[in-house]
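Analysis of the macromolecular model
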Amino acid sequence: SYPKDIAFDPDGNIVVVYYMVDGKVVVFDPCGRTKFIIEEFEYPYSVAVDGNGVIVVSDSEGIQMFDRYGTFLHCTLFFNSPCVAINTKGQLITVI
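Below is a short write-up of the structure.

**Considering the sheet that holds strand β3 (residues 23–28)**
One open sheet holds the four strands; their spatial order is β1-β2-β3-β4, and the pairing between them is antiparallel. Each of the sheet's edge strands pairs with one partner strand only, and the pair in question is β1 (2–8) and β4 (34–41). Here the average twist between neighbouring strands, direction ignored, is 20°. The pairing of strand β2 (residues 14–19) with β3 spans five bridges and is classified as antiparallel. Paired with V15 across the bridge in β3 is V27.

**Focus on the pattern of salt bridges**
Under the definition given, this model contains two salt bridges. For D11, the salt bridge goes to R68, with nearest N and O atoms at 2.6 Å. Taken as a pair, D11 in the loop between β1 and β2 and R68 in the loop between β7 (62–66) and β8 (72–76) lie far apart in primary sequence, 57 residues in all. When the shortest N-O distance is used, the salt bridge between D29 and R33 registers 2.9 Å. Since its relative accessible area comes to 12%, D29 is described here as buried.

Definitions and cut-offs
Residues numbered from 1 in each chain as written. Predicted model: local features only at pLDDT ≥ 70, side-chain atom pairs only at ≥ 80, totals over all residues. Heavy atoms only, no water. Pairing = 2+ DSSP bridges. Helix = DSSP H or I, 4+ residues; strand = E, 2+ residues; numbered from the N terminus. Axes fitted to C-alpha atoms, helices over the stretch in contact; angles between N-to-C directions. Salt bridge = Lys/Arg side-chain N within 4 Å of Asp/Glu carboxyl O. Buried < 20%, exposed > 50% of the residue type's maximum accessible area, 1.4 Å probe, protein only.

Below, the structure written as structure tokens:
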């Protein structure tokens, strides 16, 4: 797998998507130490983090949301949504 996208949370942690069939998201602290890994993805494309630290990941099966500790919150099925972003109003933006 290889890095595909990067985002930063409100605490300065670095959130990196690694793309492949067994893709993952790795959250690093500001010093680059691994905090936790989320391994629940099939070809993850993109990551965004909102102002509350919610991690939003798009993959080939949809969009999944996790809290700032990596606990699963929600899944929305927008197949093959290659890009996610959070605007300044906290709204999720996707490209389909």
